[in-house]
Amino acid sequence: MIISASRRTDIPAFYSDWFFNRLSEGFVLVRNPMNPHQISKVRLSRDVVDGIVFWTKNPAPMLPRLQELADYPYYFQFTLNSYRTDVEAHVPSKNDALIRAFQTLSDRIGAHRVIWRYDPILINRNYTAEYHIRQFEALAKHLSGYTELCSVSFVDHYKKTLRNAKGLNLTDIATTQKREIVKSLAQIASAHGLSIKCCAEDADFSAFGVQDGSCIDASLLAQIGGIPLAVRKDKNQRTKCGCMESIDIGAYNTCLHGCRYCYANFSSETVKRNVAQYDPHAAMLCSSVGEDDRVTVRKVHSCKICQIGLLDGNRSC
């Protein structure tokens, strides 16, 4: 089983204490976003967790406690964009905090375990294609040697995204423009020792050496853990998404970054109401079990491919 922590919220930035308490307790409760009264109890013991993928814009709160993850294969998806506070309202300063946090994280766990996400790319009067190319190069200079891979994608016009982005006057990005942008980013990345993959994009960028990526990457976790994994593609994601199956332990409407392109927050008022329930010692993030809720134990198992010794017939993992 692979744990995603989390597509739904920024656990490293805001809920590190809760996360480490869940590891210590050995389980977590997760509310089903499609059926809110259905709650799963998910084991987090090392014998069933094959890896953890963290998604964050700011890992700094988690840095002092990385040693507590020593028994788990893990890596970070670190989103570092060039937007100002009109788009990423409460994200810390890139120059003053986040670039250094990226570098520090990389120094501690290795460049191959910190994936740089430059996404989503949105276009308007202030954030033009030329702006993105210029700022991407500036960031690439700082991150060269601290990561090996950059994942890029373009903004998707979900209903929540359109509502949150109201007033930004976003421009539709034609496929030809996407290709020109990705071509330029790929050239810049290569010049700084990085490769680029695209996240769930319909357009074909292979002519520029850019392939489709896998944010939940079982092969990377297998490399980190030293044991191959038999994991299937996640059928619940978009067709072009290359992610493997995982269990997300986060909760929607709990991220405090306030990004205008966010698909995970319904409204700021909903976020405030949910965050007010945060208890680092609770079994579930920003929520508790109610009278009408039903808790079931989710069946989970390790996906490790154990090797059979040729001489003694023993399996080793």
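Look up: the structure comes first, before these words.
Enquirer: Describe the pattern of salt bridges, listing the residues and the values that go with them.
Expert: If you walk through the whole model with that rule in mind, you get 11 salt bridges. Where Arg65 meets Glu68, a salt bridge forms, and the shortest distance between an N and an O atom there is 2.7 Å. When salt bridges that share partners are traced, they join Asp17, Arg65 and Glu68 into one network.

Enquirer: Residue-level account of the packing of helix α4 (residues 129-143) against helix α6 (residues 175-191), with values.
Expert: Helix-helix packing is described using two parameters, namely the angle between the two axes and the distance between the axes. Following both chains from N to C, one finds α4 and α6 inclined at 20°, their axes separated by 10 Å at the closest point. Relative to α6, the element α4 lies roughly parallel. The element α4 and its partner α6 pack so that their crossing is right-handed. Judged by residue contacts, Ala129, His132, Ile133, Phe136, Glu137 and Ala140 of α4 engage Gln177, Ile181, Ser184, Leu185, Ile188 and Ala189 from α6. Considered class by class, the residues forming the contact of α4 with α6 number 8 nonpolar, 3 polar and 1 charged.

Enquirer: Got a sec to walk through the environment of Glu25? Specific residues and values, please.
Expert: Counting through the fold element by element, Glu25 comes out in helix α2 (residues 16-25). Looking at Glu25, the relative accessible area reads 51%, which means it is exposed. Here the alpha-carbon distance between Glu25 and Thr254, two residues 229 residues apart in the chain, equals 22 Å.

Enquirer: Just give me the short version of the sheet that holds strand β2 (residues 27-32), but keep the residues and values in it.
Expert: Reading across the sheet, the 3 strands line up as β2-β3-β11 and stay open at both edges, with mixed pairing between neighbours. Each end of this open sheet is capped by a strand with a single partner; those strands are β2 and β11 (294-297). Between one strand axis and the next, the sheet turns by 25° as a mean value, whatever way the strands run. Summarising the sheet, strand β3 (residues 35-43) and β11 pair through 4 bridges and their orientation is parallel. Bridge pairing links Ser40 to Thr296 in β11.

Basis of the calculations
Residues numbered from 1 in each chain as written. Predicted model: local features only at pLDDT ≥ 70, side-chain atom pairs only at ≥ 80, totals over all residues. Heavy atoms only, no water. Salt bridge = Lys/Arg side-chain N within 4 Å of Asp/Glu carboxyl O. Axes fitted to C-alpha atoms, helices over the stretch in contact; angles between N-to-C directions. Helix = DSSP H or I, 4+ residues; strand = E, 2+ residues; numbered from the N terminus. Parallel < 35°, antiparallel > 145°, perpendicular 65-115°, else oblique. Left-handed = near helix turned anticlockwise from the far one by under 90°. Contact = heavy atoms within 4.5 Å. Nonpolar A, V, L, I, M, F, W, Y, C, P; charged D, E, K, R; others polar. Buried < 20%, exposed > 50% of the residue type's maximum accessible area, 1.4 Å probe, protein only. Pairing = 2+ DSSP bridges.

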